[in-house]
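One letter stands for each residue in the lines below.
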Amino acid sequence: MKYVLSFNLNGLPVDTLVKATDTLLDVLREKLNVVSPKRGCDNGDCGACTVLVNGEPVRACLTIGLTVAGKNVQTVEGLQQDGKLHPLQRAFHEHYAAQCGFCTPGMLIAAKALLDKNPKPTREQIVEGISGNLCRCGTYVEVVEAIQAVAAGKYKE
Amino acid sequence: MKKRGIGIAVGTHPAGLKGGGDPSQAQIRLKPDGTFDLLNGAVDIGQGCKTILRQLAADELDVPLENITHQNIDTDTGPMCTGTFASRVTFMDGNAVLAAAADLKKKIRDWAAEYFECSPADVEVANNKVFVKGVPEKSLSMAEVGAMVNWGGKFLVGTGAYTPGPGQQFDPETGKMTAIASLAFGCCVAEVEVDTETGVVDVLKLVQVFEVGKAMNRLLCKGQNNGGAMMGIGFGLTENVCPYYPTMDFAVQDLTDYVITTAADMPPVMVEDIVEVPHPNGPRGAKGYSEMTASLAGPAILNAIHNAIGVWITDYPATPERILKALEAAHA
Amino acid sequence: MAEYVGQPVLRYDGIGHVTARTRYVDDIQLPGMLYIKVLTSPVHKGIIRHLDTSAAERMPGVAGVITAKDVPGKNAYGLIPDQPVFTPEHIRYKGERIAAVAAVDEDTAMEALEKIKLDIEEQEPVFDPFKAMEPGAPLVRPEGNVWEFNSGKTRKIRFGDVEKGFAEADVIVEGTYTTATNDHAPMEPQVSVAYIDETDRLAIYTVSQDLYFHLGMLTAIFNLPMNKIRYIGGTVGGGFGSKNDIHCDHVAGLMALKIRKPVKYRHTRREETAYTTKRGPWTFYFKDGVKKDGRIIARYVKTVHDTGGYAGMGPYVVDKNSILVAGPYAIPNVWVDGICVFTNKPPCSSMRGFGIINGTAADQLQTARVAEAIGKDPWEVHFINAWREGDLGATQFKVEAAGLIEAMKRAAELAGIELPAHLKAMSSRGR
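Because the structure is predicted, anything quoted here is derived from the model rather than measured.

Draft legend 1. Spotlight on the pattern of salt bridges. Residue and element names in this part refer to chain C. Under the definition given, this model contains 57 salt bridges over all chains. With a shortest N-O distance of 3.8 Å, R141 and E143 are connected by a salt bridge. With relative accessibility at 6%, the residue R141 sits in the buried group. In this structure, D337 and R158 form a salt bridge, with 2.7 Å as the shortest nitrogen-oxygen distance.

Okay, here's the thing in C-alpha cells:
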C-alpha cells in the first residue's frame, strides 16, 4: 500500500508515492534523489541526516515520511540563494570545517537551526547545538570557529 | 572529590609501509590552453590530498594553482597508488607529483629548444612562461605553448613515480629491517579533572605539537591535529568494542554503545602547533604524520589521571568503572 | 616562483563538501538497481553441513543468490589472502559471510535471506588469545592459532644485549598494559555499487582507500584482468583504515557479474559495527632497566595481538608495532617478542595508527612509570632518552631528521610549563 506524500522541499512543491514505513530519509534519498542528508546510522545517533522541518532540526532517519505532509522541508540543497553560498557554507569552507565532508550537510543544518533561533550564541551554546552531530574526522574545533565567525557577522553579504 | 592532574606523552610515526615497496605514480598533462590536468591514484579520505598535490604541482611547474585540475576518479585513468594508508600519501604521492612535474618541464624544455633553436639547457620554464634565458624576445606564455604543442600534433605528458625502496624483510634472528621512509614526532600535554566519586574524567586542556618535516598546508595540519585529538580522547576514555573482553558478551552494536567523541567532549582549551625538521627525501621536506595525531592524547590523559589520583590505569580505555576499581584497590 | 606549499590553500573539494555536491557511493542510484543483503554466520565457530538457497532464489522480487560456488576465481582476499568472500564450509567468526541475495529492495532481500536453509554444526569457539595459545585449545584455523613469522611464532627484534643492560641497571621497572578493540566508525558506512558498463566490463563504485591494492585482490576473486574492471572511487566519507579492507566490493561485483544488473550493497551501522575489521586488542608486557640518571638502558617487550578469525593485516600490524614499540628513544639494548594470535572474532586489520598507536599507548605509560620509579620528572626521562640525529632504532634503522626534542620544547612552552635550562639547551642535532 502506497500513499501520495505532498510537501514543500526547499521552496518547491513535491509529490511522491511512499510506504507508511518509509522514513523521511528514505523519501529524500531514495525517492527524490536529494542526497545531502546522509545515511550514517539509521538510528538517530550520528546526525548526518539532519534536515529542517518547518524550521526545526530533525533526524530524517527517525522521522516517518508521511508526517511531513504539507510541511516545509529544508536541506543543504536549498541553502544557496540566488546561486550564492549561504554564509555558513562559506564559513565552513574557509575554516576547513569539512574534512571527509560526510557529516557536513547535517552539521550545516544543525548550525543553521541554531543561528536561526539564536543569532549570537555563546561558544557553549554552539557546542551544545552541534553536539548531536558526530564527526569522526573530529572537525569540531573548526566547525565551532566557522559558526562563531558567522555569528560575529563576518560573512554578511 | 575532583582532582586535577597533568600528563604527557610523546611518540613517533613512520610514513608508508615498513621497509618500502609501496610505490605511487602521478601524471600531468599539458592542455591546449596551457592549463594542466594532474592525475593520480590516491584516495581523499578527508585528509586533503586533492588539495596538497595540486599545491606541489603548481610550485614545481611554477604556474597558478587555478591552472591545475586534480583527478583521482578511477583505475582507468588514475596511475597506480598503493593506497591512502600509513600516513604515506603526502610523502609518496607528493614525491611522485614532483617527479611528474619535473618530467613535464623537461619535455616542455625539449619542445621549446626545437622551437627557439637553442639548447634545452638554455630554456627556462617559470612564472607560467617558457623562455630562453637572457633573450627576452624568445618567450612564450604557457597558453601559447599549450596551443602550439597540442595543435601541432604533440602530446606532452609528465610522468613520475616514487618508492622509498624495495620491500625489505626482517632478519629472522635479529629483526634487522632498516628501511623507514620518514619518521615524524609528536608531544601531547593533557590536563584532566577526575571525579573520584563517579570516576568521570574531564579533559580540561590538551596541547599537541607535531614535528612534520614541512607542512604542505598548515590549516589541513590543524584539522588533522585537532581531529586526531578527538579520536585520541575516545581511545583513552571511552572506545571499546568488547567491554567484556576477551568474551564477545555485550559487544557493541552501533553508535549508541560505541561512544565516540562529540563536540561536547572537546576540551575547553585545545592548542595545536607544528614544528618542522625537513626530511631529506620528503617532498619539500615533508614527512607523513597524520595517523599520529590520534596516538598521543590517550596516553597523555592516562598519565594525567595518574598524576591526579595517584593510581595507574593500565587498561585502555580509562572508563569510570576502571578508575573507581583502581581507586578502591589502592585504598583497600 | 609559485609558492603554494605551506600556504593555507582552501580545500579543492571544499565547495563540494559544503554544497553537498560531493558524491559518495551511497548517493549513486542506477536505473534498475537491485539491493544486496548478506546471510552471515549466527555462530562464532562451526561447520556448514547443509546450505540450500533454492527457496530464496524462487521468491518473487529476488534477482539472484550467490554463495562460495559463485566465485569464479580465488575465494580468498586480504593482505595475507586467507579470508573467503563467502565461506564454503568453516566458520571462524560470528558474522562471516555465507550467501548474498539481490532483490528489488532491501526488505525483500532480507525476507529472502530467511528462506535460506542453513544447517551449521556449532563448535566450541576460543576468544581469549592466551587460552588460544595453550596446547589443546580449539583451533581457529587448521595451521594453528599462532601466526608463523619468518622468525617463528614471534616477531623477534634483538638489538644489543638486554640481559647485560638489566645487570647494569640501577632499577628494573615492569608493567603490563592492554588496549581495547576499537571500531573506525567512519560516518560513511561500507557501500558498493556494481554494474556492467557500456563496454561490457564490470564497473564498481567503491569506498576503497586503496584503489590499486584492492583492484589486485578483486582481479583474483573475479578471475579478470585489471582492465576488465573499472574501479571508480577517490572520494571517501572517512576511512581511518576501515576501507583498507574490502567489505562490499567483492560481494557486489560477484553479484553484478552473475546477474548482469546494477546492484548496491551497503552496510547498516549495525553490520558495520559488528562485522567489519577492527583495530585489534593488545596486551603488552614491559621490563625496563634504568639508570638513576634517567637513561633507559634495556627494554624488553612482549606483545600479544588478538587478530580475530583471519590474518588480514594482523601479522603486518605486529611487524610494524614491533619496529617502534620501544618508543622514540635511544635504548642500546632492546628485545621484542611480538605474537599474533587467532581467535573466533571478526578479523582485525588496519586502523589509524596501525599498531603504533597501541605501542605508544603502552610505552608512554611505562616510560612515565620509569620516571616515577627513579623520582625524576617525566620530561627529563623523555629528553634524556629521545632519539638524536643518526641514532639507531631497534631494527637498526637510522633516525633521519630527528625532531622529538623540538616538538617537546614547543609543547611545553604552549602548555605553560617552564622546562629546566639543561633540557631547553638540548637539540635533536646532537647529544
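This is not the end of the story, as more comes after the structure.
Draft legend 2. Summary view of the sheet that holds strand β11 (residues 269-275) of chain B. All names here are of chain B. Read across the sheet, four strands follow the order β1-β9-β10-β11 without closing on themselves; strand pairing throughout is mixed. Two strands bound the open sheet, and with one partner strand each, they are β1 (2-14) and β11. Averaged over neighbouring strand pairs, the angle between their axes works out to 15° when direction is ignored. Here β1 pairs with strand β9 (residues 183-195) via 13 bridges, running antiparallel. Its bridge partner being in β9, G11 is matched across the sheet by G186. Packed onto the sheet, helix α5 (residues 297-309) meets β1, β9 and β10 (201-211) and runs at close to 150° relative to β1.

Draft legend 3. A look at helix α10 (residues 356-373) of chain C. All names here are of chain C. Relative to the 26 Å expected for 18 residues at 1.5 Å per residue, α10 spans 25 Å between its end C-alpha atoms, a close match to the ideal helical length. The element α10 is largely enclosed, with a buried count of 15 among its 18 residues. Once α10 finishes, G375 follows within two positions and takes phi at roughly 70°, a positive value.

Draft legend 4. Layout of the domain arrangement of chain B. Residue and element names in this part refer to chain B. In terms of domain boundaries, chain B breaks down into domain 1 (2-15 + 181-331) and domain 2 (24-162). A C-alpha centroid distance of 40 Å is found between domain 1 and domain 2. Across the contact, 20 residues belong to domain 1 and 18 residues belong to domain 2. When the buried area of domain 1 at its contact with domain 2 is split by residue, M216, P283 and R284 rank highest and sum to 40% of it. Counting across the domain 1 and domain 2 interface gives one salt bridge. For E60, the salt bridge goes to R284, with nearest N and O atoms at 2.9 Å. Where domain 1 meets domain 2, there are five residue pairs in polar contact (both at pLDDT 80 or more). Those elements that provide at least two residues to the side of domain 1 that touches domain 2 are β1 and α4 (218-237). Its residues placed into classes, the side of domain 1 that touches domain 2 shows eight nonpolar, nine polar and three charged.

Draft legend 5. Summary view of the sheet that holds strand β5 (residues 72-74) of chain A. Residue and element names in this part refer to chain A. The strand order β2-β1-β5-β3-β4 describes an open sheet built from five strands, whose pairing is mixed. Taken across any chain shown, the strands that pair with only one partner, and hence form the sheet edges, are β2 (12-19) and β4 (56-59). With direction set aside, neighbouring strand axes in the sheet form an average angle of 40°. Relative to β2, strand β1 (residues 2-9) runs antiparallel, the two being bridged by eight bridges.

Draft legend 6. Expanded view of the packing of aromatic side chains. Residue and element names in this part refer to chain C. By the definition in use, this model includes 19 aromatic pairs over all chains. Measuring from centroid to centroid gives 6.0 Å for Y285 and Y300, while their planes differ by 65°, and the two rings are edge-to-face. Taken together, the positions of Y285 in strand β13 (residues 282-290) and Y300 in strand β14 (residues 296-306) put the pair 15 residues apart, joining distant regions of the chain. Accessibility expressed as a relative area gives 25% for Y285, which makes it partly exposed.

Draft legend 7. View of the interface of chain C and chain B. Facing 105 residues of chain C, the contacting portion of chain B comprises 117 residues. Between chain C and chain B, the buried area comes to about 9200 Å², and carbon and sulfur atoms account for 62% of it. Together, Y12(C), Y212(C) and R352(C) form the three largest contributors to the area buried by chain C at its contact with chain B, with a combined 9%. In this structure, the connection of chain C to chain B is made through six salt bridges. The shortest N-O distance in the salt bridge between R230(C) and D74(B) comes to 2.8 Å. With 10 residues, the single largest contributor to the side of chain C that touches chain B is α10(C).

Draft legend 8. Summary view of unusual backbone geometry. The omega torsion of the bond from Y245(B) to P246(B) falls at 5°, within 30 degrees of zero and hence cis. Structurally, P246(B) can be placed in the loop between α4 and β11. Between Y316(B) and the following residue, P317(B), the backbone shows a cis peptide bond with an omega angle of -5°. Here P317(B) is to be found in the loop between α5 and α6 (320-331). Non-glycine residue D42(A) carries a positive phi angle of around 55°. Turning to its location among the elements, D42(A) is positioned in the loop between α1 (24-31) and β3 (50-53).

Draft legend 9. Spatial organisation of the interface of chain A and chain C. Tallying the contact residues gives 32 residues for chain A and 34 residues for chain C. Interface area for chain A against chain C, summed over the two sides, is near 2700 Å², with a carbon-plus-sulfur share of 55%. The largest share of the area that chain A buries against chain C comes from H93(A), Y96(A) and R136(A), three residues that together contribute 26% of it. Inspection of the region where chain A meets chain C yields five salt bridges. Residues K19(A) and D107(C) are paired through a salt bridge, measuring 3.7 Å at the closest nitrogen-oxygen approach. Remark: the boundary between chain A and chain C carries 18 residue pairs in polar contact (both at pLDDT 80 or more). Counting only elements with at least two residues in the side of chain A that touches chain C, the list comes to α1, α2 (87-94) and α3 (104-117) of chain A.

Draft legend 10. Examining the layout of surface pockets more closely. Residues and elements named next belong to chain B. Each pocket or cavity is described by its volume, and for the second largest pocket that value is around 790 Å³. Considering the residues around the second largest pocket, the lining is formed by 47 residues, among which Q47, T84, S87, R88 and S290 are closest to the centre. Ranked by residue count, the leading element in the lining of the second largest pocket is α4, at three residues.

Draft legend 11. Summary view of the pairing of strand β12 (residues 263-266) of chain C. Residues and elements named next belong to chain C. Of the two faces of β12, the one lined by V263 and Y265 and the one lined by K264 and R266 are each fully buried. In this sheet, β12 lies alongside strand β9 (residues 191-196) in antiparallel orientation, the contact comprising four bridges. Within β12, the residue paired with A194 across the bridge is V263.

Draft legend 12. A look at the environment of D76(B). Tracing the chain through its elements places D76(B) in the loop between β4 (68-71) and α2 (89-116). Those residues in contact with D76(B) that lie beyond four places of it in its chain are R201(C), I229(C) and R230(C). Among the polar contacts made by the side chain of D76(B), one reaches the side chain of R201(C) at a distance of 2.6 Å.

Draft legend 13. Spotlight on helix α7 (residues 249-259) of chain C. Residues and elements named next belong to chain C. Among the 11 residues in α7, nine count as buried, and that is most of the element. Every buried residue of α7 is listed here: D249, H250, V251, A252, G253, L254, M255, A256 and I259. Taken from the residues just after α7, R260 is the one with a positive phi, measuring 60°.

What counts as what
Residues numbered from 1 in each chain as written. Chains lettered and ligands numbered in written order. Predicted model: local features only at pLDDT ≥ 70, side-chain atom pairs only at ≥ 80, totals over all residues. Heavy atoms only, no water. Salt bridge = Lys/Arg side-chain N within 4 Å of Asp/Glu carboxyl O. Buried < 20%, exposed > 50% of the residue type's maximum accessible area, 1.4 Å probe, protein only. Pairing = 2+ DSSP bridges. Helix = DSSP H or I, 4+ residues; strand = E, 2+ residues; numbered from the N terminus. Axes fitted to C-alpha atoms, helices over the stretch in contact; angles between N-to-C directions. Contact = heavy atoms within 4.5 Å. Expected span 1.5 Å × (residues − 1). Domains from an automatic or database assignment. Buried area = accessible area lost by both parts, 1.4 Å probe. Polar contact = N/O pair within 3.5 Å; in protein donor to acceptor, adjacent residues only side chain to side chain. Nonpolar A, V, L, I, M, F, W, Y, C, P; charged D, E, K, R; others polar. Phe/Tyr/Trp six-rings, centres within 6.5 Å; stacked < 30°, edge-to-face > 60°. 1 Å grid on protein atoms, 1.4 Å probe; cavity = no way out; pocket = protein on both sides within 12 Å on 5 of 7 lines; lining within 4 Å. Points joined across faces, edges and corners; volume = space filled by probe spheres on them.

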